[in-house]
Amino acid sequence: MYRPLIKIRVQERESIRLLINYGLNEIEEEHKIYDYMLAELEDVEFVTPVYRDIYHLFRTKLSEGQVIDADYLISHAPDSVKTEVIDLITERREISPNWNDKYKIFIPSEKDLLETVVYTNVARLKFRVIQKLINEKLSKLKDEKTPDEQEKLFIIHDRLKKSEVELAKVLGIVVSK
């Protein structure tokens, strides 16, 4: 069973994790990750309340000229946000230094791949949101009785489908038309 909200929540979580952990890093010369992510996700409505709160807090503080990080969120945010931030900044696993020192096998860290990780995450979140919108429009289209409204919904569905295919190409995902 396809569960679009679960998939969206996973991508929202990853977006907020990247924003908190790496927002101050540069993605390109003189461009911070938080600038890129906040600009790219401006039209995305987060469905998970705690991630929506964190995202809006970043946007609000940035509009006030203040850049925030995990320390700020842990010190000033509501308890539900604090708990989630602590969970998001906690390293889950650590690679043994023996891979490089002893076996001469270099394993890149997330920081080494940060630009790709951020671009891919933003594209995946948009892809999941578009899939959700497609499903919603199809449901409305099935229930709609008037031809004019059906035509409007079909045009919206067609545009969403084109966006889905475009993002799928970027992500290397195959979708049926």
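Before any of the text, the structure's been laid out above.
Figured I'd write up the structure that's included with this text. (Residues numbered from 1 in each chain as written. Predicted model: local features only at pLDDT ≥ 70, side-chain atom pairs only at ≥ 80, totals over all residues. Heavy atoms only, no water.)

## Structural notes on the side chain of His 157
We apply this condition: What counts as a helix is a DSSP run of H or I of at least four residues, what counts as a strand is a run of E of at least two, and both are numbered from the N terminus. Exposure is judged per residue with a 1.4 Å probe applied to protein chains only, and the accessible area is read against the type maximum: over 50% gives exposed, under 20% gives buried, and values in between give partly exposed. In this analysis, two residues are considered to be in contact whenever any of their non-hydrogen atoms come within 4.5 Å of each other.
Tracing the backbone shows His 157 in helix 8 (residues 147-171). Take His 157: its relative accessible area is 15%, and that puts it in the buried class. The residues touching His 157, leaving out its near neighbours within four places in the chain, are Ile 134 and Leu 138.

## Focus on the layout of surface pockets
Selection rule: Detection works on a 1 Å grid of protein atoms alone, calling trapped sets that fit a 1.4 Å probe cavities and calling open sets with protein on both sides within 12 Å along at least five of seven lines pockets, with lining residues defined by an atom within 4 Å of a point. Grid points are joined across faces, edges and corners, and a volume is the space filled by probe spheres set on the points.
Space inside the largest pocket adds up to approximately 630 Å³. Lining the largest pocket we find 24 residues, and of these Tyr 22, Glu 91, Arg 93, Ser 109 and Glu 110 sit closest to its centre. Those elements giving two or more residues to the lining of the largest pocket turn out to be helix 1 (4-22), helix 5 (79-89) and helix 6 (98-101). Of the residues forming the lining of the largest pocket, the biggest block, four residues, is contributed by helix 1.

## As for the packing of aromatic side chains
To keep it simple, the criterion reads: Two rings from Phe, Tyr or Trp (for Trp, the six-membered ring) form a pair when their centres are within 6.5 Å of each other. A pair whose planes differ by under 30 degrees is stacked, one over 60 is edge-to-face, and the rest are tilted.
What the rule picks out here adds up to three aromatic pairs. Summarising the aromatic geometry, the rings of Tyr 36 and Tyr 119 are spaced 4.9 Å apart at their centres and angled 85 degrees between planes, so their arrangement reads as edge-to-face. You can see Tyr 36 sitting in helix 2 (residues 33-40) and its partner Tyr 119 sitting in helix 7 (residues 114-143), a full 83 residues away along the chain. Residue Tyr 36 is classed as partly exposed on the basis of its relative accessible area of 21%. Judged by relative accessible area, Tyr 119 falls into the partly exposed class, the value being 27%. Aromatic side chains Phe 46 and Tyr 55 sit 4.7 Å apart centroid to centroid with 25 degrees between the ring planes, which places their arrangement in the stacked category. Residue Tyr 55 is classed as buried on the basis of its relative accessible area of 3%.

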